[in-house]
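Analysis of the macromolecular model
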Amino acid sequence: MTPMTFRALITLAEGIDDLQAVTLIDVLRRAKVEVVVASIEGRRMLTCARGTRLTSDAMLVDLLAQPFDLIVLPGGAVGAQHLAAHQPLQQLIKDQAAAGRLFAAIAEAPALALQAFGVLRQRRMTCLPSVSHQLSGCTFVDQPVVADGNCITAQGSGAALTFALTLVEQLCGKAARAAVAGELLV
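Residues numbered from 1 in each chain as written. Predicted model: local features only at pLDDT ≥ 70, side-chain atom pairs only at ≥ 80, totals over all residues. Heavy atoms only, no water.

A word on helix 5 (residues 160-172). Between its terminal C-alpha atoms helix 5 stretches 18 Å, which fits the 18 Å expected from 13 residues at 1.5 Å a residue. Along helix 5, the positions that sit buried rather than exposed are Ala-160, Phe-163, Ala-164, Leu-165, Thr-166, Leu-167, Val-168 and Leu-171. The positive-phi residue at the C-terminal boundary of helix 5 is Gly-173, with phi of around 105°. (Helix = DSSP H or I, 4+ residues; strand = E, 2+ residues; numbered from the N terminus. Expected span 1.5 Å × (residues − 1). Buried < 20%, exposed > 50% of the residue type's maximum accessible area, 1.4 Å probe, protein only.)

Dropping the structure here:
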């Protein structure tokens, strides 16, 4: 029997947080999740908030018809603003939420992008505390990571590893989380 392969989409934009993006990609791949890194910009190579250059696997507009078990938005103030302004991503997240599939965001991305997309209503969630004043219609919880149904959010770079491991658990189960955490000596 072949183990089930889960697919995760991680969106990149100019100015996303370096640590968050790389941590998410790395930890999900360690869990044997098929990770597709997609750029919302007009090019595949992007510069993160602290100068790290990342090359995406694909352009988001070429993936809109494909199903994903999880869609993740890294933070970073500039990157989250770019994500929030991207109309195809907005529709993709709305469809993901409506279908009951997992979607997640960290740091500024929950308050800037998920809030703008209208998918946080009536949910418990978290984000970088300094942007929590921009939230409405949801309940801010001052914890590193919060899961509410199919929505998982995290506060910032310090929570990136716990956030990524929580995503592994939500997708692949507790045993997979424990295996990856053990490999990372967490």
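Having seen the structure, we can now continue with the description.
Across soluble globular proteins, you tend to see nonpolar side chains buried next to one another. In this structure, Leu-28, Leu-73, Leu-114 and Phe-163 are the most contacted members of the largest nonpolar core, which totals 71 residues. In terms of residues, this core owes the most to one element, helix 5, which gives 7 residues. Sequence-distant contacts of Leu-28, defined by excluding residues within four places in its chain, comprise Ala-8, Ile-10, Val-33, Val-35, Leu-70, Leu-167, Val-168 and Leu-171. (Core = buried A, V, L, I, M, F, W, Y, C linked by side-chain atoms within 4.5 Å. Contact = heavy atoms within 4.5 Å.)

Here we take up unusual backbone geometry. Of note in the backbone geometry, Lys-32 takes a positive phi value of approximately 70° without being a glycine. Mapping Lys-32 onto the fold places it in the loop between helix 1 (18-30) and strand 2 (34-39). Relative accessible area serves as the criterion here: at 67%, Lys-32 is assigned to the exposed category. The phi torsion at Leu-185 lies on the positive side, around 60°, for a residue other than glycine. Among the structural elements, Leu-185 can be located in the segment after helix 6 (174-183). A residue is classified by how much of its surface remains accessible, and Leu-185, at 79% relative accessible area, is exposed.

The subject of this paragraph is the pairing of strand 6 (residues 70-73). A two-sided burial pattern is seen for strand 6, the buried positions comprising Leu-70 and Val-72 on one face and Ile-71 and Leu-73 on the other. In the sheet, strand 1 (residues 7-12) pairs with strand 6 via 3 bridges, with the strands oriented parallel. Residue Leu-9 lies in a different strand from strand 6, and its bridge partner there is Ile-71. Judged from the 4 bridges that link them, strand 6 and strand 7 (residues 102-106) form a sheet pairing that is parallel. Each residue of the ladder has a partner; that of Leu-73, found in strand 7, is Ala-105. (Pairing = 2+ DSSP bridges.)

The next subject is the pattern of salt bridges. According to the stated counting rule, one finds 7 salt bridges in the structure shown. With its nearest N and O atoms 3.1 Å apart, the salt bridge here joins Arg-177 to Glu-169. Using a relative accessible area of 25% as the deciding quantity, one classes Glu-169 as partly exposed. One connected set of salt bridges, linked through shared partners, spans Asp-26, Arg-30 and Glu-183. (Salt bridge = Lys/Arg side-chain N within 4 Å of Asp/Glu carboxyl O.)

Note that every value here comes from positions in space, so none of it alone points to a role or purpose.
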